[in-house]
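Survey of secondary and tertiary structure
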Amino acid sequence: MMQTLTPHVYWAQRHGEIYLRVELSDARNLLILVEENTLTFSAQGHGAKGENEYGFSLEFLKPVKTEVSHRSTQRQVNITVRKQEHGWWERLTMQERKPVFLAPDFDRWLDESDAELELREKEEKLNRISVESRIPKDPYLGLKKGYLFMYNLVQFLGFSWIFVNMTVRLFILGQDSFYDTFHTIADMMYFCQILAVLEVVNPALGIVQTGVVPPLIQVFGRNFVLFIILGVLEDMHNKPVVFFIFYAWSCIEIFRYPFYMLACIDIKWTLLTWLRYTIWMPLYPLGVIAEAVAVIQSMPVFDETGVLSVPLPKALGLSLSFSYVLHLYLVLMFLGLFINFRHLYKQRRRRFRTKKRKAY
Ligand SMILES: CCCCCCCCCCCCC[C@@H](O)CC(=O)SCCNC(=O)CCNC(=O)[C@H](O)C(C)(C)COP(=O)(O)OP(=O)(O)OC[C@H]1O[C@@H](n2cnc3c(N)ncnc32)[C@H](O)[C@@H]1OP(=O)(O)O
């Protein structure tokens, strides 16, 4: 006849559960019961004293639920008992002296604060999953990302061509390259800036989650200078200011477009993010100053040639030079600079603040 022996039992707790690990391999005829706060275990298996009948009982410190779950593996029996009330127990059993067969399960052991942290993380994860499952999935997300990726890639290639071309010419020709920037670069700049109209369309259609006003100011402002001030007046084509305008524009875009492009495929490079949200600080005012110089230089040309002048009623017998519109535009330009500077500053703060929070 086999005598009943006691197996080694290891325990750990969480705020809601007790975990018991019974060192018994190939356990059979398992009987695990919780009655009046006492767990009784019996099984046949291979324990510390070889093949035998093993058993033990534990009277818990505080009330537990009667339903127990257990899982027996080749090496051990894992038992989970749920506490009646959530809380941290100072010990497992009612009796103060720890039974000799019982020891802490260091594989699962956590102290109270670590267990709280684990609990909070679990709750946060569950919350996240439930929030995510409530947000309806956009069926066109893949298509939108594909379109944005292609758009940004084309712009990146266009502006890189402009930037490299201008830099190489600057190294080879020096200051002489200032005078024919328009002839060499204008076609590509026209292409990129016409395409940039999509940057107003995208947020307007909800394809990109940002405001419409900042890109509208940006695209309108650049295209006004490109197509009206520089495009219409041949006298402006060989002015050195064209070099500075095109260089300022392309310097930011060779970082902005790859940043967006990679964001479409969920890739973030810290250096690229930093450059996208930092180099506008010197470039934006420099770009606007260069544009303002071009506008001022074009005023006498508009006055002399009468190009784009607004005809006045016959009684007045004159036409209104376009340079008056340009005076108004100069004011708008600095207003636009202020609006976009503030917008970019906020975007920068939002970007770097979010990143910091995520890191903790
Ligand atoms: C009737 C009109 C009024 C007329 C007023 C006329 C006034 C004229 C004033 C003209 C001043 C313009 C001067 C200018 O020409 C001078 C220069 O450009 S100098 C060179 C330096 N310039 C710059 O640094 C500006 C560069 N431009 C920009 O940064 C943007 O165009 C701007 C609109 C200013 C800001 O962009 P946005 O609001 O989009 O900010 P974010 O980049 O932070 O993006 C927000 C989120 O949207 C996602 N996004 C945006 N675009 C795309 C895209 N193409 N593809 C994919 N995703 C995109 C982006 O990823 C962000 O998403 P998340 O927050 O989730 O990461």
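Cut-offs applied
Residues numbered from 1 in each chain as written. Predicted model: local features only at pLDDT ≥ 70, side-chain atom pairs only at ≥ 80, totals over all residues. Heavy atoms only, no water. UniProt positions renumbered as here; feature names shortened; annotations may be inferred. Helix = DSSP H or I, 4+ residues; strand = E, 2+ residues; numbered from the N terminus. Buried < 20%, exposed > 50% of the residue type's maximum accessible area, 1.4 Å probe, protein only. Contact = heavy atoms within 4.5 Å. Areas by Shrake-Rupley, 256 points an atom, 1.4 Å probe, with all protein chains shown as cover. Pairing = 2+ DSSP bridges. Axes fitted to C-alpha atoms, helices over the stretch in contact; angles between N-to-C directions. Phe/Tyr/Trp six-rings, centres within 6.5 Å; stacked < 30°, edge-to-face > 60°. Lys NZ or Arg CZ within 6 Å of the ring centre and 35° of its normal. Near = heavy atom within 4 Å. Polar contact = N/O pair within 3.5 Å; in protein donor to acceptor, adjacent residues only side chain to side chain. Nonpolar A, V, L, I, M, F, W, Y, C, P; charged D, E, K, R; others polar. Patch = residues over 30% accessible without salt bridge, like charges linked within 9 Å, V, L, I, M, F, W, Y side chains within 5 Å. Salt bridge = Lys/Arg side-chain N within 4 Å of Asp/Glu carboxyl O. Core = buried A, V, L, I, M, F, W, Y, C linked by side-chain atoms within 4.5 Å.

- An unreviewed UniProt entry annotates the protein chain as Very-long-chain (3R)-3-hydroxyacyl-CoA dehydratase of Coilia grayii.
- On record in UniProt, under Pathway (unreviewed entry), the comment for the protein chain is "Lipid metabolism; fatty acid biosynthesis."
- Checking UniProt for the protein chain, the heading Sequence similarities (unreviewed entry) contains the comment "Belongs to the very long-chain fatty acids dehydratase HACD family."

**Thoughts on the overall build of the protein chain**
- When you go through the protein chain residue by residue, the secondary structure sums to nine helices and 11 strands.
- Considering the protein chain as a whole, with its 360 residues, one finds that 41% of them fall into the buried category.
- Sequence separation of 24 or more characterises 67% of the internal contacts of the protein chain that already satisfy a separation of 6 or more.
- When the accessible area of the protein chain is evaluated, it comes to approximately 21,700 Å², of which 62% is carbon and sulfur surface.

**With respect to the sheet that holds strand 4 (residues 25-35)**
- Strand order across the open sheet formed by four strands is 1-6-5-4, with mixed pairing between neighbours. Both edges of this open sheet fall to strand 1 (4-5) and strand 4, since each of them pairs with a single strand only.

**Focus: the sheet that holds strand 7 (residues 64-72)**
- With respect to topology, five strands assemble into an open sheet ordered 7-8-3-2-9, the strand pairing being mixed. On the outer flanks of this sheet lie strand 7 and strand 9 (102-104), each paired with one strand and no other. Each neighbouring strand pair of the sheet contributes to a mean axis angle of 25 degrees, computed without reference to strand direction.
- Bridging between strand 2 (residues 9-13) and strand 3 (residues 17-22) involves five bridges; their strand directions are antiparallel. The residue of strand 3 that forms the bridge with A12 is Y19.

**Looking at the pairing of strand 7**
- Relative to strand 8 (residues 77-83), strand 7 is paired through six bridges, and the arrangement is antiparallel. Looking at strand 8, one finds that S72 is bridged to V77.
- In textbook terms, the turn of a hairpin is the stretch between consecutive antiparallel strands, and for strand 7 and strand 8 this stretch comprises four residues.

**Concerning the packing of aromatic side chains**
- The full count for this structure, using the stated rule, is 25 aromatic pairs.
- Seen from their ring centres, F182 and Y190 are 6.2 Å apart, and the 80 degrees between their planes marks the pair as edge-to-face.
- Following the ring pairs from residue to residue traces out a cluster consisting of Y151, F159, Y257, F259, Y260, Y277 and F352.
- Over the aromatic face of Y257 sits the side chain of R256, whose NZ or CZ is 4.7 Å from the ring centroid.

**Comments concerning the site of the ligand**
- The environment of the ligand is made up of 36 residues, and the closest members are Y260, R276, Y277, H343 and R351.
- Between the ligand and R256 there is a distance of 3.2 Å, counted from an oxygen atom to a side-chain nitrogen or oxygen.
- Relative to its unbound accessible area of 1,400 Å², the ligand is 87% covered by the protein chains.
- When residues of the shell around the ligand are traced back to their parent elements, those giving at least two are helix 2 (141-173), helix 5 (213-232), helix 6 (241-264), helix 8 (280-305) and helix 9 (322-359).
- Top contributing element to the shell around the ligand by residue count: helix 9, with 10 residues.
- Looking at the shell around the ligand residue by residue, the class counts come to 20 nonpolar, 10 polar and six charged.

**Looking at a nonpolar patch on the surface**
- A cluster of nonpolar side chains, namely V213, L328, L332, L335, F338 and I339, defines an oily patch on the protein surface of about 580 Å² accessible area.
- In terms of residue count, helix 9 provides more of the nonpolar patch than any other element does, five residues in total.
- One can find I339 in helix 9.
- A relative accessible area of 36% means that I339 is categorised as partly exposed.

**Some words on the nonpolar core**
- I229, L230, I245, F246 and L326 are the most contacted members of the largest nonpolar core, which totals 51 residues.
- Those elements that provide at least two residues to this core are helix 2, helix 3 (181-195), helix 5, helix 6, helix 8 and helix 9.
- Each residue touching I245, except ones within four places of it in the same chain, is listed here: V225, A290, E291 and A294.
- One finds I18, F41, Y54 and V81 within the second-largest nonpolar core, a separate group that totals 26 residues.

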